[in-house]
Amino acid sequence: MILSLGTGTVLALGLLFLTYHFVVGPKGLTTNVPTLSAAFGVNRGCVECHEKKSPGVVQSYHDSKHSSRGVQCLDCHTPVDGQATMTKDHENVALVAKPSPKNCAKCHAPEVKEFAKSGHAAKAWYAVDGAKDFTREELAKNHLLDAKGQPVKAGKANPVATLIGKDASAQSCKVCHAVGKKNLDGSFGDCTKCHLRHTFEVAQARKPETCAQCHLGPDHPQSEVYNESAHGAYYAANKEKFNMDAPAGTLTVKDFPAPTCATCHMSGIGGVKGTHDVGERLKWKLTPEVAIIRANGGKNQAKMNSVCLNCHSQPSITDVMAKADTTIALTNTNVLKGQAILTDLRGTGRLGTKAFAYPIDFTYFELWHHEGRRARSGAVMGGPDYVNWHGIYEQQKALIELESQAAELRAKP
């Protein structure tokens, strides 16, 4: 009897240890099991091989929610319709080495559909590489035809990408804009730009550091503006208070006591439905030379307003948004003044049509592409330094320089 009790006690303690180690764990309840135990069939062979050849990939997968919920390697890497040209034979298994949104849509169809409508999809790739990868139907579907039915901006590649050359562009512009690159199966985009392989964490996509991979620098400094804002300051000082792993659609201010980028632009919080269309809550398009209000700008702003109401009073929200509108209008006025100078020079034959042929072309480009965008981002995100010193002040300075450069050109015989 004593031997039986002792054996039973050892087994019970062992079972408790295994339950804690593989199910509960030091961070609370999970459903993770050892990777090899989770893998079965052909998938087990994938894991056994890649544990030797690329152990980091296997460990990332093992740490993921996909692993804990029984998602296997081939659930993502098995080809779907339209992927014949992407399919390779690997160890006698037909697979897609780099899954596209079509593969993700098997489980995440609503999210993929929302993403496809967003500025992160086809429009992002078009902005740098132009129309050459698009069919006529794709241009129409993604609203990339102008009022005359022609490709926007004549379908040309971005002049900056052309200026710096294909090699530099491949390691700069196209790295970020590939979030919307066309895949061989006809889909657009790369989910792993935000949900990095092979963990695909929602927590990672919620952190501003992830957005800062691309949203930084002189022309779209959202990362720097966020860091300067009260929201960013609170996040930097209190990261441990944020529940980055909270289930989607359940977020409250207890989980996110201050917003990150995803909170405002994507997350479901306080009754506001989540979305993968990052422009769904935005009133303005701030990236063009002259900022414009989106087709559904009023409805979009109402959605953002509902997000803001989780922390702020309506009078405060209304005041901030009104001031932002005023600053955006000022950036537009300054850009239009610059446009008028260049239009006059071209009308008198002082400038050609080639991009970046004269110093004045660079001055005007930075007037809207750098300084205008910076001021607009600062205005809507609470970054005063970007409204003034990196924005409106620099625009005013650029207008003086434009007038001086224009006078020199007019004085030439």
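Predicted, not measured: the structure shown is a model, and the values here were computed from it.

Just to check I follow, could you spell out the overall build of the protein chain for this structure?
When you go through the protein chain residue by residue, the secondary structure sums to 21 helices and four strands. Oriented by its inertia axes, the alpha-carbon framework of the protein chain measures out at about 110 × 55 × 35 Å. Within the protein chain, the fraction of its 413 residues that count as buried is 36%. Intrachain contacts of the protein chain at a sequence separation of at least 6 include 54% that bridge at least 24 residues. When the accessible surface of the protein chain is totalled, it reaches about 23,300 Å², and 61% of it is carbon and sulfur. Of the side chains in the protein chain, 48 bear a positive and 39 a negative charge, and the two mean positions are spaced by 3 Å.

Can you walk me through the packing of aromatic side chains in this structure?
To describe a pair of aromatic rings, you give the distance between the ring centres and the angle between the ring planes. For the structure shown, the criterion picks out ten aromatic pairs. When the ring of Tyr126 is compared with that of Phe134, the centres are 5.5 Å apart and the planes differ by 75°; the resulting orientation is edge-to-face. Looking at Tyr126, the relative accessible area reads 6%, which means it is buried. Given a relative accessible area of 10%, Phe134 falls into the buried group. Feature note: the residues Tyr226, Tyr234, Tyr235, Phe242 and Phe256 constitute an aromatic cluster, connected by ring pairs.

Teacher, can you tell me more about the pairing of strand E2 (residues 93-96) here?
Within a regular strand, the side chains alternate between the two sheet faces. Looking at chain direction, strand E1 (residues 87-90) and E2 are connected through four bridges and run antiparallel. The partner of Lys88 across the bridge, within E2, is Leu95.

In this structure, what is going on with the nonpolar core? I would like to understand it.
Grouped burial of nonpolar side chains is what soluble globular proteins tend to show. Counting residues in each nonpolar core, the largest one holds 16 residues, and the members touching the most others are Leu342, Leu345, Ile360, Tyr364 and Leu402. For this core, the elements supplying multiple residues, two or more each, are helix H19 (314-347), helix H20 (359-381) and helix H21 (384-411). The contacts of Leu345, once residues within four sequence positions are left out, are Arg350, Leu351, Ile360, Ala406, Leu409 and Arg410.

Hey, could you run me through the packing of helix H18 (residues 297-308) against H19 in this one?
Following both chains from N to C, one finds H18 and H19 inclined at 135°, their axes separated by 10 Å at the closest point. As far as their axial angle goes, H19 and H18 are oblique. Considering the relative orientation of H18 and H19, their crossing is right-handed. Contact residues: Gln301, Met304, Asn305 and Cys308 in H18; Gln314, Ile317 and Met321 in H19. The class makeup of the residues in the contact of H18 with H19 is four nonpolar, three polar and no charged.

What am I meant to see in H21 here?
At 3.6 residues per turn, the α-helix brings residues three or four places apart onto the same side. The terminal C-alpha atoms of H21 lie 39 Å apart, and with 28 residues this matches the ideal 40 Å at 1.5 Å per residue to within 8%. Residue Glu394 marks the point of greatest curvature in H21, where the axis turns by about 35°. By the burial criterion, the buried members of H21 are Tyr386, Gly391, Ile392, Gln395, Ala398, Leu399, Leu402, Ala406 and Leu409.

Got a minute to help me understand the side chain of Asn300 in this structure?
You can see Asn300 is positioned in helix H18. There is a polar contact of 2.9 Å between the side chain of Asn300 and the backbone oxygen of Leu282. For Asn300, the contacting residues outside a window of four places in its chain are Gly279, Glu280, Arg281, Leu282, Lys283 and Arg294.

How should the confidence of the model for the protein chain be read in this particular structure?
Detailed reading of the predicted coordinates is not advisable wherever pLDDT falls low. The predicted model of the protein chain has a mean per-residue pLDDT of 92, with 90% of residues at 70 or higher. The low-confidence segment residues 17-38 (pLDDT under 50) makes 35 contacts with residues lying over four places distant or belonging to another chain.

How do you make sense of the state of the cysteines when you look at a structure like this?
Linking two cysteines covalently through their sulfur atoms gives a disulfide. Scanning the model with the defined rule gives one disulfide in all. With its sulfur 2.4 Å from that of its partner, Cys176 forms a disulfide with Cys214. Of note, the bridge from Cys176 to Cys214 carries an S-S torsion of about -100° and is left-handed in sense. Note that Cys176 is positioned in helix H12 (residues 173-177) and Cys214 in the loop between helix H14 (208-211) and helix H15 (222-228), a separation of 38 residues in sequence.

When you look at the environment of Val71 in this model, what are you seeing that I'm missing?
Relative to the elements of secondary structure, Val71 occurs in the loop between helix H5 (65-68) and helix H6 (73-77). Taking C-alpha positions, Val71 is 9.7 Å from Tyr61, a pair spaced ten residues apart along the chain. Not counting chain neighbours up to four residues away, the residues in contact with Val71 comprise Tyr61, His66 and Cys76.

Looking at this model, I keep getting lost on the side chain of Thr260. Mind explaining?
Within the secondary structure, Thr260 sits in the loop between helix H16 (230-237) and helix H17 (261-265). When neighbours within four sequence positions are excluded, Thr260 is seen to be in contact with Arg206, Pro208, Tyr226, Tyr235, Phe242 and Met244.

Mind showing me how you'd approach the pattern of salt bridges here?
Opposite charge on two side chains allows them to pair when their charged atoms are near. One pass over the structure, following the stated rule, counts 14 salt bridges. Put simply, Lys132 and Asp133 hold a salt bridge, and the shortest N to O gap is 3.6 Å. Overall, Lys132 belongs to the exposed group, its relative accessible area being 63%. For Asp325, the salt bridge identified is with Lys283, shortest N-O distance 2.8 Å. Of this pair, Asp325 sits in helix H19 while Lys283 sits in the loop between H17 and strand E3 (284-285), and the two are 42 residues apart along the sequence. Note on Lys283: relative accessible area 19%, which makes it buried. A single network of salt bridges, built from pairs that share partners, joins Asp129, Lys132, Asp133 and Lys174.

Reading guide: rules and limits
Residues numbered from 1 in each chain as written. Predicted model: local features only at pLDDT ≥ 70, side-chain atom pairs only at ≥ 80, totals over all residues. Heavy atoms only, no water. Helix = DSSP H or I, 4+ residues; strand = E, 2+ residues; numbered from the N terminus. Buried < 20%, exposed > 50% of the residue type's maximum accessible area, 1.4 Å probe, protein only. Contact = heavy atoms within 4.5 Å. Areas by Shrake-Rupley, 256 points an atom, 1.4 Å probe, with all protein chains shown as cover. Lys, Arg positive; Asp, Glu negative; His and termini not counted. Charge placed at Lys NZ, Arg CZ, Asp CG, Glu CD. Phe/Tyr/Trp six-rings, centres within 6.5 Å; stacked < 30°, edge-to-face > 60°. Pairing = 2+ DSSP bridges. Core = buried A, V, L, I, M, F, W, Y, C linked by side-chain atoms within 4.5 Å. Axes fitted to C-alpha atoms, helices over the stretch in contact; angles between N-to-C directions. Parallel < 35°, antiparallel > 145°, perpendicular 65-115°, else oblique. Left-handed = near helix turned anticlockwise from the far one by under 90°. Nonpolar A, V, L, I, M, F, W, Y, C, P; charged D, E, K, R; others polar. Expected span 1.5 Å × (residues − 1). Bend = angle between axes of the 7 residues up to and from the residue. Polar contact = N/O pair within 3.5 Å; in protein donor to acceptor, adjacent residues only side chain to side chain. pLDDT = per-residue confidence, 0-100. Disulfide = S-S within 2.5 Å. Salt bridge = Lys/Arg side-chain N within 4 Å of Asp/Glu carboxyl O.

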